[in-house]
Every structure is written in structure tokens, then in C-alpha cells.
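Observations on the three-dimensional arrangement
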Amino acid sequence: AQSVTQLDSQVPVFEEAPVELRCNYSSSVSVYLFWYVQYPNQGLQLLLKYLSGSTLVKGINGFEAEFNKSQTSFHLRKPSVHISDTAEYFCAVSDKGGGSYIPTFGRGTSLIVHP
Amino acid sequence: ETGVTQSPTHLIKTRGQQVTLRCSSQSGHNTVSWYQQALGQGPQFIFQYYREEENGRGNFPPRFSGLQFPNYSSELNVNALELDDSALYLCASSSLGTGDYGYTFGSGTRLTVV
């Protein structure tokens, strides 16, 4: 079974500053990794995913994430945030070869962008 | 392509009642998963349906049950509602077997049990 730890429950940042949202996972097998964003009163939207290949993954809205197998991490970064990036961000992991590839989600990190 | 639609958007039920939530999956997707998201928490996996069969289940009691129909739409049924069942229920569709492991989520049904 896999688990996900999002180390920060809330990250406040000023507009145009860089941001990093941290995610660590545990699993006994190889994994797929995901970041989702949830705006207020909405469902989750896929930001990016790591399936294989290059460990640096680029997603929508200028976000990117880097898979670090030795540190079992998949941190999300953006070089310059906007007010509109204020939302809840969820990291998720699913086991490769599990058949159903059901993702397990972290508890979320609330990104708050101040003007 | 159409996204995932859920109905109703909001619902208030009394403890002990039964509820049915509905989900239409994204066009071309063959798998539907249901998640429960309590306030301030991440989504918790309830179960997944693939080709009308349950394909995985999380740590939820049997009073949570589901169905998937031939058009890949789905229902989540909860019997004997408890106050702790109050949450946002999310439906997500995906394409098992195609190599695309991302989920497309609906906007959810907000269930309040009083």
C-alpha cells in the first residue's frame, strides 16, 4: 500500500514570487505520481503527471514537478505565481502494475497568493 | 469532449435515510471511481468500477454501494446515513488499459446529513 505526505498544510506567498509545494510518498513498488489542483467549490483538475522517462515534468499553468526516486519526493514548483493560483493542491500516487492504478491522495496544501 | 457531470450538486438528508448520487463519465472513458472528501481533507477512495464490475474498494462499510451502467455512467448509494457521511463526493472517470492514468473529476455532490 502506498501513502502520500504533503509536508505543508498552508503556503502563503506574494504574487510573482516562486513557490514550492512539497510531496513525499511511500510505496514498496514503482509508482506513478500526480498533482491535482482544486479551486473553491470545484472538483480536482490534473496539473501534471509522472509516468516514466524524464524526471522533470511540465504541466499546465506554468507548473512543473521533479521526481526524485532516492528521496521518494515529487515537489511541485512555479517560478512566479499569480493571484489566480490560489487554490488547494493535492499530490497523488498510484502503484505501477497494480491493475486498477487507483491513486492515493495526500491531505492537500493550500496555496494562498497575496497581492 | 464532454467532461464528468455529477448530480445533484447539493443535497441535505436526515440521519438514517438513503441517498443516491449520479455521475456521467467523460466520453471515451471506461472506468469510474468515487471519492469522499471531508472538509479540509484529501479525497478518500471509496470504490472503482470497470466494465460494470467493482474493480477495487477502499476502507468503507458495505452500506456504501455502487453501480456502473453500460454507457459507463455510475451511481453511488449510501444507506443508513450517518452524520459523518457529510462530505463532498467526487466522481472521477479514466481510461483503464490505454496508458493514460490521469483522472478527470466532476465538480462533486455536497452531501449534508443532519
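Scroll up for the structure.
In this report, the structure presented in the accompanying data block is examined. (Residues numbered from 1 in each chain as written. Chains lettered and ligands numbered in written order. Predicted model: local features only at pLDDT ≥ 70, side-chain atom pairs only at ≥ 80, totals over all residues. Heavy atoms only, no water.)

**Regarding the packing of aromatic side chains**
Considering all chains together, one arrives at 13 aromatic pairs over all chains under this definition. Seen from their ring centres, Y103(B) and F105(B) are 6.4 Å apart, and the 40 degrees between their planes marks the pair as tilted. By relative accessible area, which is 8% here, F105(B) ends up buried. By the ring-pair criterion, three or more aromatic residues cluster together here, those being F34(A), Y36(A), F105(A), Y35(B), F45(B), Y103(B) and F105(B). (Phe/Tyr/Trp six-rings, centres within 6.5 Å; stacked < 30°, edge-to-face > 60°. Buried < 20%, exposed > 50% of the residue type's maximum accessible area, 1.4 Å probe, protein only.)

**Overview of the layout of surface pockets**
In this structure, the largest pocket occupies an estimated 470 Å³ of space. Lining the largest pocket are 23 residues, and of these Q38(A), Y39(A), P40(A), N41(A) and R110(B) lie nearest its centre. Secondary-structure elements contributing two or more residues to the lining of the largest pocket are β10 (87–95) and β12 (109–114) of chain A. With three residues, β10(A) is the largest single contributor of residues to the lining of the largest pocket. Counting only elements with at least two residues in the lining of the second largest pocket, the list comes to β11 (104–105) of chain A together with β5 (44–50) of chain B. (1 Å grid on protein atoms, 1.4 Å probe; cavity = no way out; pocket = protein on both sides within 12 Å on 5 of 7 lines; lining within 4 Å. Points joined across faces, edges and corners; volume = space filled by probe spheres on them. Helix = DSSP H or I, 4+ residues; strand = E, 2+ residues; numbered from the N terminus.)

**Concerning the interface of chain B and chain A**
Across the contact, 21 residues belong to chain B and 20 residues belong to chain A. Across the interface of chain B and chain A, roughly 1,600 Å² is buried in total on both sides, 57% from carbon and sulfur atoms. Area buried by chain B at its contact with chain A is led by Y101(B), Y103(B) and F105(B), which between them contribute 36% of it. Seen at the junction of chain B and chain A, the total is zero salt bridges. Put simply, chain B and chain A have four residue pairs in polar contact (both at pLDDT 80 or more) between them. For the side of chain B that touches chain A, the elements supplying multiple residues, two or more each, are β4 (31–37), β5, β6 (53–57), β9 (87–95) and β10 (100–105) of chain B. At five residues, the largest contribution of residues to the side of chain B that touches chain A is made by β10(B). Classifying every residue of the side of chain B that touches chain A by side-chain character gives nine nonpolar, eleven polar and one charged. (Contact = heavy atoms within 4.5 Å. Buried area = accessible area lost by both parts, 1.4 Å probe. Salt bridge = Lys/Arg side-chain N within 4 Å of Asp/Glu carboxyl O. Polar contact = N/O pair within 3.5 Å; in protein donor to acceptor, adjacent residues only side chain to side chain. Nonpolar A, V, L, I, M, F, W, Y, C, P; charged D, E, K, R; others polar.)

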